[in-house]
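Here's the letter readout for the chains.
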Amino acid sequence: GSEKYNETNPMVVDMGNYTLDVTAQSNDQAVSAIMLRKSGAVEIKNEAGKTLTLKAIQGGTKDANGIYAGENALLKIKGPVVVDEVRSAGHAVTGILAEGDSGRVTIDGTLTIRQLQEGASGDGSALAALHARGSGSSITVTDNVDIQDVKGSVLKIDNEAGTGGTIHIAGGTLSAA
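An account of the accompanying structure is given in this report. (Residues numbered from 1 in each chain as written. Predicted model: local features only at pLDDT ≥ 70, side-chain atom pairs only at ≥ 80, totals over all residues. Heavy atoms only, no water.)

Pairing between side chains becomes possible if they bear opposite charge and their charged atoms approach one another. Under the criterion given, the structure shown has 6 salt bridges. One salt bridge in this structure joins R133 and E99, with 2.9 Å as the shortest N-O distance. Separated by 34 residues along the polypeptide, R133 in strand β13 (residues 127–133) and E99 in strand β9 (residues 93–99) bring together distant segments of the chain. With relative accessibility at 22%, the residue E99 sits in the partly exposed group. The structure contains a network of salt bridges with shared partners spanning K55, D84 and R114. (Salt bridge = Lys/Arg side-chain N within 4 Å of Asp/Glu carboxyl O. Helix = DSSP H or I, 4+ residues; strand = E, 2+ residues; numbered from the N terminus. Buried < 20%, exposed > 50% of the residue type's maximum accessible area, 1.4 Å probe, protein only.)

If you want it as structure tokens, here you go:
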């Protein structure tokens, strides 16, 4: 049967004592290494503290996201998390995107984001490491972050209505190129 996952009954992924590498790749569709659509809920358990590594590679011009949480979606991850590579031949590239009203991502641990890359026509305006887009959307990292040399926005909060979400980080290193 099909089970409905939601905030009170999230899908649980237990990493056990293993590292986990997730790569999403497409030339035709938008890609996200982890994608939660509207009202989805996932909890990734990681008691051993092993690394979760994410890559999203879009060979065409569609969007690429390391993590995508849609409207009312909830993602909780026990870190460390490394978004190792996100790229698109187009120009919509995001490390973590919490989009729509109340899309929420929480990383309990460290976060590293490397290699965010858009196509040659991109000017950085559609590239962001952390992007809270929508009223009530949020990204929270409870430990240090290491996000450097971003050729766009390191932190971005906005939406069409002029109201955005929130981004909370414990500390660390942030830099734009």
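There's more to say after this.
Grouped together as the largest cluster of nonpolar side chains are 39 residues, with contacts concentrated most on I34, L75, I77 and L111. Of all the elements, strand β14 (residues 138–150) adds the most residues to this core, at 5 residues. (Core = buried A, V, L, I, M, F, W, Y, C linked by side-chain atoms within 4.5 Å.)

A separate point is the pairing of strand β5 (residues 52–58). Most of β5 is tucked away, with 6 of its 7 residues classed as buried. Across 7 bridges, the pairing between strand β2 (residues 20–26) and β5 is parallel. From the neighbouring strand, Q25 faces β5, where its bridge partner is I57. Of the pairings in the sheet, the one linking β5 to strand β8 (residues 81–88) comprises 7 bridges and is parallel in character. Residue pairing across strands places L52 opposite V81, the latter belonging to β8. (Pairing = 2+ DSSP bridges.)

Inspection of the secondary structure assignment puts I57 in strand β5. For I57, a relative accessible area of 8% puts it in the buried group. As for I57 and G16, which are separated by 41 residues in sequence, their C-alpha atoms are 27 Å apart.

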